[in-house]
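Okay, here's what each chain looks like letter by letter:
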Amino acid sequence: MIDTHSHIYDEAFDEDFSLVLERARSAGVEKMVMPGIDSKSHARMMDCAAKLCGYAYPAIGLHPTSVDSSWKEELQFVWDNYRKGSFVAIGEIGLDEHWSKEYLEEQKRVFEDQLMFAWEHNLPVIIHSRESTQDVFDCLDRVGKPLRGVFHAFSCSYETYRRIKKDYGGFRIGIGGVLTYKNSHLAAYIDKVPLSDILLETDAPWLTPVPFRGKRNESGYIKFTAEKLAELKGLSLEEVDAVTTQNAKEMFAI
Ligand SMILES: [Zn+2]
């Protein structure tokens, strides 16, 4: 499996980093993608990328919850550092209207600039969208380029999934721990979503699947999401692993 969204460079893993990694490997995680957040966390991520070369692949981008009055400097940081490394995607980028709307106009500007950058560099994007579905679509429409990527931590309605398929065909949905939650409406319709549209992810250290919900998440827990997906779709775990891994390899060229 490939964990397409792991913040393994987060401080939450400082104490037992090698054990977490060991558990990920033994759970069958063969690679992971590390989404960027902002200038503050960048060095930690790159450190991790160097240590885990060929295993953990970094993306670069300015996260919407890190957009504030210093957004211009932060965006410049992304452009400058893009040239210094090798990145598999632009992300995570997007809009977050749950956290705060104070800088919503700036969030939109930052998101659109990064979408354009991704298009210019022919890279996929990792989209973070929280209580912002329509605004995210509006930004994609304004940019108006045939982009590809993933709607990370997707938990919207079936109608929203259909809309993505229809209007933004280059995108897949990233499925994580939310699928295992009781009363998850995602679980109610996921059997109608072809495996070819799905990427597996954890968002570690957040969005922990059952049975560890409420605790710190880690990449190895991706197996609980994969098992749930297999169960809901009536497929074998092997098939779920094989197809979603292939999807991830294709999307991030890893
Ligand atoms: Zn994330």
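Throughout this description, residue numbers start from 1 for each chain and increase along the sequence as written. Under the rules for a predicted model, residues below a pLDDT of 70 receive no local features and side-chain atom pairs below 80 are neither given nor counted, while totals for whole chains, interfaces and linings still include all residues. Computation of side-chain values covers all heavy atoms of the structure but excludes hydrogens and water.

A.B. asks: Looking at this model, I keep getting lost on the coordination of the zinc ion. Mind explaining?
C.D. replies: Around a metal, the perfect tetrahedron of four donors has angles of 109.5 degrees, and the perfect octahedron of six donors has angles of 90 or 180 degrees. Here a donor is any nitrogen, oxygen or sulfur atom (N, O, S) within 2.8 Å of the metal, with 3.2 Å used for Na, K and Ca; water is not among the atoms considered, so some sites may look incomplete. The protein atoms that coordinate the zinc ion are His5 (NE2), His7 (NE2), Glu92 (OE) and Asp203 (OD), at distances of 2.0 to 2.7 Å. Only four donors with every angle between 85 and 135 degrees are called tetrahedral; only four or six donors with opposite donors over 155 degrees apart and all others between 65 and 115 are called square planar or octahedral, in that order; all others are irregular. With 4 donor atoms in place around the zinc ion and angles of 85 to 177° between them, the coordination shape is irregular. Read in sequence order, the donor residues for the zinc ion give the motif H-x1-H-x84-E-x110-D. With Glu92 in strand β4 (residues 90-96) and Asp203 in the loop between β8 (198-200) and α8 (222-233), this residue pair connects regions lying 111 residues apart in the sequence. A simple rule labels every residue: compare its accessible area, found with a 1.4 Å probe on the protein chains alone, to the largest value its type can have, and call it buried under 20%, exposed over 50%, or partly exposed in between. When its relative accessible area of 9% is taken as the criterion, Asp203 is described as buried. By definition, any uninterrupted DSSP run of H or I lasting at least four residues is a helix, any uninterrupted run of E lasting at least two residues is a strand, and each is numbered from the N terminus.

A.B. asks: Can you walk me through the packing of helix α5 (residues 133-143) against helix α6 (residues 158-167) in this structure?
C.D. replies: Two measures define how a pair of helices packs: the angle their axes make with one another and the distance between the axes. Interaxial angles span 0 to 180 degrees and are taken between N-to-C directions of axes, which are lines fitted to C-alpha atoms, for helices over the stretch in contact. Running from N to C, α5 and α6 point in directions that differ by 5°, and their axes come no closer than 12 Å. When the axes of α5 and α6 are compared, the pair comes out roughly parallel. Of α6, the residues touching α5 (which contributes Thr133, Gln134, Phe137 and Asp141) are Thr160, Arg163 and Ile164. Polarity classes work like this: nonpolar for Ala, Val, Leu, Ile, Met, Phe, Trp, Tyr, Cys and Pro, charged for Asp, Glu, Lys and Arg, and polar for all others, with Gly in that last group. Of the residues in the contact of α5 with α6, the class split is 2 nonpolar, 3 polar and 2 charged. Each angle gets one of four labels, with under 35 degrees taken as roughly parallel, over 145 as roughly antiparallel, 65 to 115 as roughly perpendicular, and the rest as oblique. Only heavy atoms enter the contact rule, under which two residues are in contact if any of them lie within 4.5 Å.

A.B. asks: What am I meant to see in the pairing of strand β5 (residues 125-130) here?
C.D. replies: The two faces of the sheet receive side chains in turn, since in a regular strand these alternate between them. Pairing geometry for β4 and β5, over 6 bridges, is parallel. In the sheet register, Gly91 faces β5, and the bridge partner there is Ile126. Tracing the backbone out of β4, into helix α4 (residues 104-120) and back to the parallel element β5 gives a crossover that is right-handed. One bridge is not enough; two strands pair if DSSP finds at least two bridges between them. Assignment of crossover handedness uses the view with strands pointing away from the viewer, where a clockwise path from the first strand over the helix to the second indicates a right-handed crossover.

A.B. asks: Hey, could you run me through the nonpolar core in this one?
C.D. replies: For soluble globular proteins, the rule of thumb is that nonpolar side chains tend to be buried together. Here the nonpolar core consists of buried residues drawn from Ala, Val, Leu, Ile, Met, Phe, Trp, Tyr and Cys, with membership extended through side-chain atoms lying within 4.5 Å. Counting residues in each nonpolar core, the largest one holds 67 residues, and the members touching the most others are Ile8, Ile90, Leu140, Phe151 and Phe171. Core analysis: the second largest hydrophobic core is formed by 13 residues, Ile2, Tyr57, Ala59 and Phe252 among them.

A.B. asks: Explain the pairing of strand β7 (residues 171-175) here, please?
C.D. replies: Counting buried positions along β7 gives 5 out of 5 residues, so the element sits mostly inside the fold. Bridging between strand β6 (residues 149-151) and β7 involves 3 bridges; their strand directions are parallel. Its bridge partner being in β7, Val150 is matched across the sheet by Arg172. Taken together, β6, α6 and β7 form a β-α-β motif whose crossover is right-handed. Examined bridge by bridge, β7 and β8 share 3 bridges and lie parallel to one another. For Ile173, the partnering residue across the bridge sits in β8 and is Ile198.

A.B. asks: I would appreciate a short explanation of α8 in the present structure.
C.D. replies: For an α-helix the count is 3.6 residues per turn, leaving residues at separations of three or four pointing the same way. In this analysis, the expected span of each helix is defined as 1.5 Å times one less than the number of residues it contains. Over its 12 residues, α8 extends 17 Å from the first C-alpha to the last, a length consistent with the 16 Å expected when each residue adds 1.5 Å. Every buried residue of α8 is listed here: Ile222, Phe224, Thr225, Ala226, Leu229, Ala230 and Lys233. One or two steps after α8, the chain reaches Gly234, where phi turns positive at roughly 65°.

A.B. asks: Would you mind going over the environment of Gly220 with me for this structure?
C.D. replies: Within the element layout of this structure, Gly220 appears in the loop between β8 and α8. Other than its neighbours up to four places away in sequence, Gly220 contacts Arg23, Ala24, Ala27 and Val29.

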